[in-house]
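If you want the building blocks of each chain, they are given just below.
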Amino acid sequence: MTDGQTDLLDDLLWRGLIAHSTDLGALREALDAGPVTFYVGFDPTAPSLHHGHLVQVLTARRLQRAGHRPIALVGGSTGLIGDPKPNAERVLNPPEVVAGWVEGIRAQIEPFLGFEGENAAVMVNNLDWTAPMSAIDFLRDVGQHFRVNKMITKDAVAARLHSEQGISYTEFSYQLLQGLDFLELHRRYGCTLQFGGSDQWGNLTAGLDLIHRAEGASVHAFATPLLTKADGTKFGKTEGGALWLDPGLTSPYAFYQFWVNTDDRDVVTFLKVLSSRSREEIESLAAAVETRPAAREAQRALADELTELLHGAQERDRVVAASQALFGRGSLAELDAATLAASLAELPRVTVALGGTAPTVVELLAETGLSPSRSAARRAVAEGGAYLNNERVTDEQATVGEQDLLAGRWMVLRRGKRQLAAVEAVGG
RNA sequence: GGCAGGUUGCCCGAGUGGCCAAUGGGAGCGGACUGUAAAUCCGUCGGCUUAGCCUUCGAAGGUUCGAAUCCUUCACCUGCCA
């Protein structure tokens, strides 16, 4: 236990991590009174967690570091139902698929929390208490405490009720399940605080109400803000799709690059929410954004920290070095072979034999995935957005050969300003 | 169960027999300007062995020289009635 629990709440507020909450005064008292057992849940709706979950995982980490006891819940049951999204019904995933995702997500959360010591984290799966429950028990013991009148006023549900598509009973019931989770964790572990994304606020309060009715106890909840971008586009999109935490889905290099490319207007907000740096450090970085924006110090700090946290210091060093080499001022031909090889190792790569028919640049763009199809690759060349070893390629028929090799075996292919891939020549 | 309306490219949304690979907007992508940023402007935005060809407008079948557009059946969605 560190001292100054008041500081924790003030810190969360300063960082903008509390978008909604129950009585903050009461929460402050509880946090001051000693270690609080809290929970945050993650539904397995994909094989990996993504950028959006980072806020939750890191907030749990903050609370634990301040001496509180985390319960990380993976939604083996809620993942089978799906919480209502405002615009569309979810596709139900097969149970065995969801079960596989539960394991993957559990493993992704573990490195962020400590499972030893006085306030060791606990990992739970809500399927453990939901699966054994009969439909009758569920309706009598849980359903009895919920008023439909109130259920239909929750934002996501209300939006769907007014949509053409409507809402299935399955998704409508979701809030009961999440409410039950909080109740169950309250009974089993004395859990008195739940937090989640602001889109979860309705589900968070469902749990509060249920505990109040079933146990007569008052517990706490807060919602973290949804991260948005100043330009209005969706946060968390990379060239390859979502920003996944799984290195197999989003490489450490791509993960690092995502944060380096953060908009100036957003970077301080993101630092507050995601970084464990102190208020002083963040304010100094904010000043740097004002005075020397081109240096991108804040972006680099954010990218460095998150990449190290997720992928380790070694990997962080590798992607930082690769980024410097590939985006540096010097020409690629001047890089020494070792640096070049190490940098290119971070990029998507294809191998090619130069012996027979010379491959065209268009073919290589498509093969490396820089362009989704040959048509798109031709377009890239036509638009002047294709580069071989940093030289623009203007001929759609252009081929590559021995003369293009760097350090005897590499070629660097680029589409646009920052999409890179390595081509390795073999055999011959 | 009955009746009515709907299902178009990543999203929204035009198109009601040939001029449709399909108007427009958004997102995306590329270029210029920059700082691997934003804003702005310009271009692009199904695929391929690209002056051409192939596959798309919920699914299958049919009418026609010719269909996203007409007909039949099916599936799904929405509303009203029962």
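Definitions and limits used
Residues numbered from 1 in each chain as written. Chains lettered and ligands numbered in written order. Predicted model: local features only at pLDDT ≥ 70, side-chain atom pairs only at ≥ 80, totals over all residues. Heavy atoms only, no water. Helix = DSSP H or I, 4+ residues; strand = E, 2+ residues; numbered from the N terminus. Buried < 20%, exposed > 50% of the residue type's maximum accessible area, 1.4 Å probe, protein only. Contact = heavy atoms within 4.5 Å. Areas by Shrake-Rupley, 256 points an atom, 1.4 Å probe, with all protein chains shown as cover. Lys, Arg positive; Asp, Glu negative; His and termini not counted. Charge placed at Lys NZ, Arg CZ, Asp CG, Glu CD. Phe/Tyr/Trp six-rings, centres within 6.5 Å; stacked < 30°, edge-to-face > 60°. Domains from an automatic or database assignment. Buried area = accessible area lost by both parts, 1.4 Å probe. Salt bridge = Lys/Arg side-chain N within 4 Å of Asp/Glu carboxyl O. Nonpolar A, V, L, I, M, F, W, Y, C, P; charged D, E, K, R; others polar. Arc of directions from axis to C-beta.

Participant: Sorry, what's going on with the overall build of chain A here?
Facilitator: Of the regular secondary structure elements, chain A holds 20 helices and 13 strands. The C-alpha extent of chain A, read off along each of the three principal axes, is 80 × 45 × 40 Å. In chain A, which comprises 428 residues, the proportion classed as buried is 49%. Contacts in chain A between residues at least 24 apart in sequence constitute 73% of all its contacts with a sequence separation of at least 6. When the accessible surface of chain A is split by element, carbon and sulfur atoms take 49% of a total near 20,000 Å². Treating the 40 positive side-chain charges of chain A as one cloud and the 54 negative ones as another, the clouds have centres 3 Å apart.

Participant: Honestly, the packing of aromatic side chains in this entry has me stumped. Any pointers?
Facilitator: Any two aromatic rings considered together are summarised by their centre-to-centre distance and by the angle between their planes. Taken as a whole, this structure holds 7 aromatic pairs when the rule is applied. Arranged with centres 5.7 Å apart and planes meeting at 65°, the rings of Tyr39 and Phe182 form a pair that is edge-to-face. In this pair, Tyr39 is assigned in strand β2 (residues 37–42) and Phe182 in helix α11 (residues 174–189), connecting sequence segments 143 residues apart. Owing to a relative accessible area of 1%, Tyr39 belongs among the buried residues under this scheme. Among the residues examined, Phe182 registers a relative accessible area of 0% and is labelled buried.

Participant: Please explain the domain arrangement of chain A as it appears in this structure.
Facilitator: The parts lose accessible area when they come together, and the size of an interface is often stated as this lost area. In terms of domains, chain A is made up of domain 1 (3–224), domain 2 (251–344) and domain 3 (347–428). Contact with domain 2, which involves 11 residues of that partner, is made by 11 residues of domain 3. Across the interface of domain 2 and domain 3, roughly 1,100 Å² is buried in total on both sides, 75% from carbon and sulfur atoms. The interface formed by domain 2 and domain 3 includes 0 salt bridges. Where the side of domain 2 that touches domain 3 is concerned, the elements lending two or more residues are α17 (313–327) and α18 (337–344). Of all the elements, α18 adds the most residues to the side of domain 2 that touches domain 3, at 5 residues. Of the residues that constitute the side of domain 2 that touches domain 3, the class distribution is 9 nonpolar, 2 polar and no charged.

Participant: For this particular structure, what's the right way to read helix α20 (residues 374–382)?
Facilitator: For an α-helix, the turn length of 3.6 residues means that residues three or four places apart are oriented alike. Regarding α20, the residues found buried are Ala376, Ala377, Ala380 and Val381. Buried residues of α20, seen end-on, are gathered within an arc of 145° and therefore sit on one face of the element. Those residues of α20 hidden inside the fold are in contact with α19 (361–367), β10 (386–388) and β12 (410–415).

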